[in-house]
Amino acid sequence: MKHILHLKSSIQGKESYSIKLGQAIVEKVQDKYPDSTLEELNLVDIDIPHLNPAVLRTFFIPGDQLTAEEKETIRLSDEMVKQLLTADIIVIGAPLINFTIPTVLKAWIDHITRAGITFGYGENGPVGKVTGKKIYVAMSSGGVYSQGPGKANDFVAPYLKAFLGFLGMTDLTIFRAEGLKVPEVKEHAMEKAINSIRVD
Ligand SMILES: Cc1cc2nc3c(=O)[nH]c(=O)nc-3n(C[C@H](O)[C@H](O)[C@H](O)COP(=O)(O)O)c2cc1C
């Protein structure tokens, strides 16, 4: 039985295209695995702090030596790491905000990146420990970045591919709803994105 985790990070609520695209991906995954379970995490609804000195410090303290206060400081990170490690299939909503991912999604990344837990160091350098997952990314953007002049500024897809790969999540497929603010492109952008979904 597959467990799906759907991460949402849009700041545009019900109007969000990345959430709609993510949901369409989830539906296709559910068609393929009818007995799968689904957990949804809207990162905008939870208060993830920036990675700050207090949180970072706790990452390096052995669990059995944490004070009650430190346990509280690391609680959210521990919870999100557990959610990530429990999931078999992860759908990540990644809307473009100022050429990059929303700050809440970056905060999530900062909290699930834990030396000794989600990555380690081997003889030949870092080794990702979050293996065996299938990742689908639901990107949405006002402009077009997969081709044409915008391609030079296509930072999000290579970033997510590289960083999630660093953590061991190498089986990653990206679907894009793009050109959502471009006349004559926006009218069909969502339909095109949904039609492009392939679940393997
Ligand atoms: C604050 C803000 C910044 C944005 N920056 C970009 C950008 O740099 N490039 C782009 O193509 N679209 C940009 N957009 C447009 C969004 O990518 C577009 O609205 C998309 O639908 C966002 O995904 P969502 O609908 O899931 O929120 C921006 C939108 C907002 C609100």
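Everything that follows concerns the structure shown earlier in this document.
Note that the coordinates shown come from a computational prediction; the quantities given were computed from them, not determined experimentally.

Some thoughts on the site of the ligand
- Around the ligand lies a shell of 17 residues, among which Ser10, Ser16, Ser18, Phe99 and Ser140 are the nearest.
- Between serine 16 and the ligand, the recorded distance is 2.7 Å, taken from a side-chain N or O atom to an oxygen atom.
- In this structure, asparagine 98 approaches the ligand through a main-chain N or O atom, which is 2.8 Å from a nitrogen atom.
- Within the complex, the protein chains bury 80% of what would otherwise be the 620 Å² of accessible surface of the ligand.
- Counting residues per element, the ones that place at least two in the shell around the ligand are helix H1 (17-32) and strand E6 (134-141).
- The residue inventory of the shell around the ligand, partitioned by class, reads seven nonpolar, nine polar and one charged.

Concerning the pairing of E6
- Within E6, eight of the eight residues are buried, which leaves it mostly tucked inside the rest of the structure.
- The alternating pattern of E6 places Lys134, Tyr136, Ala138 and Ser140 and Ile135, Val137, Met139 and Ser141 on opposite faces, both of which are buried.
- The pairing of strand E3 (residues 89-95) with E6 spans seven bridges and is parallel. Considered in E6, the bridge of isoleucine 89 is made with lysine 134.
- Bridge count for E6 against strand E7 (residues 172-178) is seven bridges, and the pairing is parallel. Counterpart to valine 137 in the pairing with E7 is isoleucine 174.
- With helix H5 (residues 156-166) bridging E6 and its parallel neighbour E7, the resulting β-α-β unit is right-handed.

Quick word on the sheet that holds strand E1 (residues 3-8)
- With parallel pairing, five strands are arranged side by side in an open sheet as E2-E1-E3-E6-E7. A strand with exactly one partner marks an edge of an open sheet, and here the two such strands are strand E2 (37-42) and E7. Recorded for the sheet is a direction-independent mean angle of 15 degrees between the axes of neighbouring strands.
- Contacts between helix H3 (residues 68-86) and the sheet are confined to E1, E2 and E3, with E1 contributing the most and set at about 130 degrees to the helix.
- Packed onto the sheet, H5 meets E3, E6 and E7 and runs at close to 160 degrees relative to E7.

Conventions and cut-offs
Residues numbered from 1 in each chain as written. Predicted model: local features only at pLDDT ≥ 70, side-chain atom pairs only at ≥ 80, totals over all residues. Heavy atoms only, no water. Near = heavy atom within 4 Å. Polar contact = N/O pair within 3.5 Å; in protein donor to acceptor, adjacent residues only side chain to side chain. Areas by Shrake-Rupley, 256 points an atom, 1.4 Å probe, with all protein chains shown as cover. Helix = DSSP H or I, 4+ residues; strand = E, 2+ residues; numbered from the N terminus. Nonpolar A, V, L, I, M, F, W, Y, C, P; charged D, E, K, R; others polar. Buried < 20%, exposed > 50% of the residue type's maximum accessible area, 1.4 Å probe, protein only. Pairing = 2+ DSSP bridges. Right-handed = clockwise from strand over helix to strand, strands pointing away. Axes fitted to C-alpha atoms, helices over the stretch in contact; angles between N-to-C directions. Contact = heavy atoms within 4.5 Å.

Geometric descriptors of this kind do not, in isolation, establish any biological role.
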